[in-house]
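# Secondary and tertiary structure notes
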Amino acid sequence: MWFCKNAAQCRRTEMRSLAIEAKKNAKADAAYDAVLQLLYSKSHMPGQHLSDKELASDLNIGRTPIREALIRLAAEGKIVSFPQRGYFTRPLVEWVLLDSYVVARETLTFALTRTRTHPLDRTAPSGELSPTELALRAEEIFTDIALGACNCEICHIIDKFCFCSHALRMEITASELSPAFRTSLARLTDAMPQLGKTTSAVASALTNHLDVEQRAVSRALQNMSRRQLANFTFTKKYW
């Protein structure tokens, strides 16, 4: 059998290359998670430009991993990319949001028929949750249902839906629309222990909650538009 005289050196070079690649991937994943978390906060408004330089400075991460994170987020449909203009948070367009609820409803309903696992425990009652926690609780439940179907495509669809409608959900839970949201979410939370057992109970509560969110879309967007206009007018006044 023939052996390369430089086998040991080649092996060291290969291991070094793998280590460099692993470190690069770790940085890219960390940048992706950091940008995603930042976008989940209310620090970025819909349709806002995302500067890789500013993000790198805010997150104390190199611009290259930030660019890779933005490319990945755009490929996933969580942000939008325009040639020669850069990356932007997704604008909240009423008809687009309403269409996304149709897709999410169909996807989650299908997932319920395939679910074989039990949901994570949700110990805190919905009545004790803050507006932000309410929005996240709803998204966690949607994710639980998707995960229970053990289907990657379903998970991707619901992950994108939760992300792209997060700002809307935050608006609903912090406004006069919150009581109906809180009530329907409490019903859905109470039904979730039946996941994988009595599908009809979960399906009914899920449909009711999605109806509440969908009916609130127009009003929530109007509230956000009025607030943005007021902020713009105030800022312009003191230029």
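These notes cover the structure that comes with them. (Residues numbered from 1 in each chain as written. Predicted model: local features only at pLDDT ≥ 70, side-chain atom pairs only at ≥ 80, totals over all residues. Heavy atoms only, no water.)

## Quick look at the pattern of salt bridges
One pass over the structure, following the stated rule, counts 10 salt bridges. Between Lys-78 and Asp-159 there is a salt bridge, with the nearest N and O atoms lying 2.6 Å from each other. In this pair, Lys-78 sits in the loop between helix H3 (63-75) and strand S2 (79-82) while Asp-159 sits in helix H6 (residues 152-164), placing the two residues 81 residues apart along the sequence. Among the residues examined, Lys-78 registers a relative accessible area of 4% and is labelled buried. Between Arg-169 and Glu-139 there is a salt bridge, and its shortest N-O distance comes to 2.8 Å. One end of the pair, Arg-169, is in helix H7 (residues 166-173); the other, Glu-139, is in helix H5 (residues 131-148), with 30 residues separating them in the sequence. Of the two residues, Arg-169 and Glu-139, both sit in the buried class. Linked through salt bridges whose partners overlap, the residues forming this network are Asp-29, Arg-72, Glu-76, Lys-78 and Asp-159. (Salt bridge = Lys/Arg side-chain N within 4 Å of Asp/Glu carboxyl O. Helix = DSSP H or I, 4+ residues; strand = E, 2+ residues; numbered from the N terminus. Buried < 20%, exposed > 50% of the residue type's maximum accessible area, 1.4 Å probe, protein only.)

## Details of the packing of aromatic side chains
One pass over the full model with this rule turns up three aromatic pairs. With 5.0 Å between their ring centres and 85° between their planes, Tyr-101 and Phe-161 make a pair best called edge-to-face. With a gap of 60 residues between them, Tyr-101 in helix H4 (residues 94-114) and Phe-161 in helix H6 connect regions that are remote in the sequence. Residues Tyr-101 and Phe-161 agree in their burial class; the two are buried. Ring centres of Phe-142 and Phe-161 lie 6.0 Å apart, and the angle between their planes is 50°; on these two criteria the pair is classed as tilted. (Phe/Tyr/Trp six-rings, centres within 6.5 Å; stacked < 30°, edge-to-face > 60°.)

## Observations concerning unusual backbone geometry
One non-glycine residue, Gln-84, lies in positive phi territory at about 70°. Tracing the backbone through its elements, the reader meets Gln-84 in the loop between S2 and strand S3 (86-89). In the Ramachandran plot, Cys-150 falls in the positive-phi region, its phi being about 55° despite a non-glycine side chain. Within the fold, Cys-150 resides in the loop between H5 and H6. On the accessibility criterion, Cys-150 (64% relative accessible area) is exposed.

## Thoughts on the sheet that holds S2
Adjacent strands of a sheet form backbone hydrogen bonds with each other and so pair up, either parallel or antiparallel. The strand order across the open sheet formed by three strands is S1-S3-S2, and the pairing between neighbours is antiparallel. Only two strands of the sheet have a single partner each, and these edge strands are strand S1 (49-50) and S2. As paired strands, S1 and S3 are joined by two bridges and run antiparallel to one another. Within the sheet, the bridge partner assigned to His-49 lies in S3 and is Phe-88. Across the sheet, H3 is in contact with S1, S2 and S3; its angle to S2 comes to roughly 105°. (Pairing = 2+ DSSP bridges. Contact = heavy atoms within 4.5 Å. Axes fitted to C-alpha atoms, helices over the stretch in contact; angles between N-to-C directions.)

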